Amino acid sequence: MCGIIGYCGPKPAAPILVEGLRRLEYRGYDSAGICVVENGHLELHKKKGKLAALSSVLPPNVVGNYGIGHTRWATHGEVTDINAHPHIDGAGKIAIAHNGIVENHESLREKLTDDGYVFISETDSEVIVHLIHSLYEGDLEAAIKQAVQLLTGTYGIVAVHADEPNRVVGARNGSPLVLGIGDDEMFLASDVTAIVAHTKQVVYIEDHEVVTITPDDYRTTDLTDRPIDKKIEFISWELAEIEKDGYTHFMQKEILEQASSIKRAMQGRLNKETATGHLGGLNLSSKELLEIERVKIIGAGTSFYAAMVAAYLIESIGRIPCSAELASEVRYRNPVVERNTLYFAVSQSGETADTLYAMRELQRKGARVLGICNAVGATIPRESDGGVYIHSGPEIAVASTKAFTSQLTAFYIFTLIMARMRHMSFEEGSNFIRALEKVPDQVESILARSDKLAELAAKYAHFNNVLFLGRGLNYPVALEGALKLKEVSYIHAEGYSAAEIKHGPIALINEQTPSVFIVTNDSLREKVISNMKEVKARRGPVIALCVEGDTEVMAIADDHFAVPSAHELMYPYLMMVPLQMYAYHTALVLGRDVDQPRNLAKSVTVE
Ligand code: F6R
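Please read these numbers as outputs of a predicted model, since none were measured by experiment. (Residues numbered from 1 in each chain as written. Predicted model: local features only at pLDDT ≥ 70, side-chain atom pairs only at ≥ 80, totals over all residues. Heavy atoms only, no water.)

1. Observations regarding the overall build of the protein chain
Then step 1. Helix and strand counts for the protein chain stand at 19 helices and 26 strands.
Then step 2. Its C-alpha atoms give the protein chain a radius of gyration of 25 Å, near enough to 25 Å, the size a compact globule of 607 residues would have.
Then step 3. Viewed in the frame of its principal axes, the protein chain has a C-alpha envelope of about 75 × 55 × 45 Å.
Then step 4. Evaluated residue by residue, the protein chain yields a buried proportion of 61% over its 607 residues.
Then step 5. Put simply, of all contacts in the protein chain between residues at least 6 apart along the chain, 71% involve residues at least 24 apart.
Then step 6. Accessible surface for the protein chain amounts to roughly 22800 Å². Of this, 49% is attributable to carbon and sulfur atoms.
Then step 7. Each charge sign in the protein chain was given a centre, from 59 positive and 78 negative side chains, and these centres are 6 Å apart. (Helix = DSSP H or I, 4+ residues; strand = E, 2+ residues; numbered from the N terminus. Rg over C-alpha atoms; globule rule 2.2 N^0.38 Å. Buried < 20%, exposed > 50% of the residue type's maximum accessible area, 1.4 Å probe, protein only. Contact = heavy atoms within 4.5 Å. Areas by Shrake-Rupley, 256 points an atom, 1.4 Å probe, with all protein chains shown as cover. Lys, Arg positive; Asp, Glu negative; His and termini not counted. Charge placed at Lys NZ, Arg CZ, Asp CG, Glu CD.)

2. Brief notes about the site of the ligand
Then step 1. The local shell around the ligand holds 15 residues, among which Ser303, Ser347, Gln348, Ser349 and Thr352 are the closest.
Then step 2. A distance of 2.6 Å is found between an oxygen atom of the ligand and a side-chain nitrogen or oxygen belonging to serine 347.
Then step 3. A distance of 2.7 Å separates an oxygen atom of the ligand from a polar atom in the side chain of serine 349.
Then step 4. Here the ligand, which alone exposes 410 Å², has 92% of that area covered by the protein.
Then step 5. Listed by contribution, the elements that provide at least two residues to the shell around the ligand are α9 (301-316) and α16 (474-489). (Near = heavy atom within 4 Å. Polar contact = N/O pair within 3.5 Å; in protein donor to acceptor, adjacent residues only side chain to side chain.)

3. Regarding the packing of aromatic side chains
Then step 1. Throughout the structure, instances matching the rule amount to 7 aromatic pairs.
Then step 2. Both rings, one in tyrosine 7 and one in phenylalanine 187, keep their centres 5.3 Å apart while their planes meet at 50 degrees; by these two values the pair is tilted. Remark: phenylalanine 187 occurs in strand β10 (residues 186-189) and tyrosine 7 occurs in strand β1 (residues 3-8); sequence separation between them is 180 residues. For the pair formed by tyrosine 7 and phenylalanine 187, the shared burial category is buried.
Then step 3. With a centroid separation of 6.2 Å and 35 degrees between ring planes, the pair formed by tyrosine 412 and phenylalanine 432 is classed as tilted. Taken together, the residues span a long stretch of sequence, with tyrosine 412 in helix α13 (residues 402-421) and phenylalanine 432 in helix α14 (residues 426-447) at a distance of 20 residues.
Then step 4. The class for phenylalanine 432 is buried, based on a relative accessible area of 2%.
Then step 5. One aromatic cluster is present, formed by Phe344, Phe411 and Phe414 through successive ring pairs. (Phe/Tyr/Trp six-rings, centres within 6.5 Å; stacked < 30°, edge-to-face > 60°.)

Structure follows, in C-alpha cells:
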C-alpha cells in the first residue's frame, strides 16, 4: 500500500526521501514522488512506475533540507504522473502526501470547485491540499487540524508549506504514522522500515493526533491543539534484517529463515517441567483461561489461513469450540459477542484495515480481542487487549511466508496451554513439546532439498491452472499453497479440501490441470489417496507432497516431494514450507517480480 515519508534536518532532503521510499517499496506501489522546499519554492517531482523512473527525472542539484515523499498504490484514478503524490495547491505553496481514502471527496471537490479551486488529478487526495489552502491563515498545522475535521475516511498525511521553513506536519486517522527522532533531524513515515537506517527512537502517532517536526524538536497535539505527551519507543531490530543480505530476493531469504524464525517464536514459551506453554502477553490468569468456552479468530489472506489451522487445532486438541472467520466479513454482519469467548485478531503487519476494523467492532460489543502480530508497535497490537508477538523479524516480500509458520507456532503453544488445563496429560504435553521442538530441524532439512522443488517448478510452471488439495489440518495449507502460487507466479491456482473435488472442481481436471495433493499418514490418508486416483483416472497430472518412505503415494503420483516423518499435528509446517519454495521457483521460471508482485500491497490499510 502507499508509503509516506517526511524529513526535516540539516541534510539535503531529496536523497533521504528517495532512500526512505526505497525501503517502503515492499509495501507495493505503482508511482512515486517527492516534494522538497528549496529557497521558498516547492520542488516537485513525481512519476508513474517504480522508483527508478522517479530517480531518472530527479535533477541532481535539489538541495532543500525539508520535504515529503510518497509511493502510491492507486485507488482513485489511474496510474499516471499527475495522479502520483505529492499534490500541491494552485498557488504552489502547500504540498501533501496522503495514505488512506477520503470517502467524502466528491462533495468536497464540488464545494472547492465552486469556490474556484482547479483540480488536475483524479485522486481523492487532491481535495486535502485545496482544503488546507482554503483554511490557511499563516499556520500549516492549524489549517491541517481544521481540514482533517472535514474529512470522512482514513488518512495518514504529511505536508509542507513553502513559507514555513524547516517544518513538516503530519496527521493520522486510520493510516499509520510514526515519528523518528534523530540527531538534529526528524522523520515522519508510514512505517519504521523507512527510517530505521537513521534512528531507532520512534513515537507512534495515534488517530486524531497531529505532529509537527522541526530539525531539533517535535510537538504532538490533538485536533483541539491540546499537547499530548508521547512515549518514545525503541526499535529492536537491525538494519540488516531489512536488507537482502546476499540473497536474490526477500521472499527467498524469508522462506530460508524459517528454521530460526519458528525457533524464535517458541523461545521461552515452552516449559518441559510442566509440559505446558506460557504466553505472557495473553494477560489472562489461569482462572480466566479456564473459563473460556469458545475461541474465535479473525484475519485476512495468509493470516486467515493460519487462523484456520489454529481453529482446527484448538478445537480438536484443545477441545474448545473454535472457528476462524475472514475479518472483512465479521465486521459487517453485526457479530454476536458471546460470554466467555476469547477472540484473536491475527495479522503480520498489524495494520490490515479489514482486521483492525473488525477488531474494533468486536471490542465495541464488549469482546476481549488478543492480537497475534509480527510488526511491533503496529495498530492492532497497540489496540488489542493483549496478545503475542511472533518475532519473525521484518517481513519485506509482499507474499507472506515466515510470518505464517510463526503465527502457527503462537497458536500451537496456545493450544498446548488450553489442552493441558483441560484433558491433556503430562505425557501427551511432553510429546507435543518434543514434536514442536523438532520442527525447525525438519524445516531445515526440507529447505536443504530446495533443488528438487526448483525442478518441479520448472516442469509445471507452464500450466495455466493448478489445484491444491488437502484435508484436515492440511486443508488450510492447500488454500495457502494456492494463494502463494497465484500471488507470485500469476498462475490461476485454487485450494480445496480433497473431499470437495467430487462436488464440482473435478470438472476442471484434464491433462492440462495439475493437482498438488498433500498426503500424510493421518486418519484421512486413504480417502485422500482415493481422490488422487480419481484425478489420475481423468488424466490429471498429480504432484504429491507426501511423507518420506510413502511408496504407495509415490507410485500413484507423477511427481512427488517427500517431507520427514513427523508427529501428525506438525505437518502444516512441513507441507507449507515446500509449497512456499515451489511458488517462489515457479515465479522465477516465469520471470515474475517475486518480491513485489503486480497489483499487490504488503500492508493493506484500506478496505
Ligand atoms: C499473502 C499476503 C496477504 C496478507 C493479508 C493479511 O501472501 O501477504 O494475503 O496475508 O493481506 O495481512 P496481515 O497478515 O498483515 O494482516
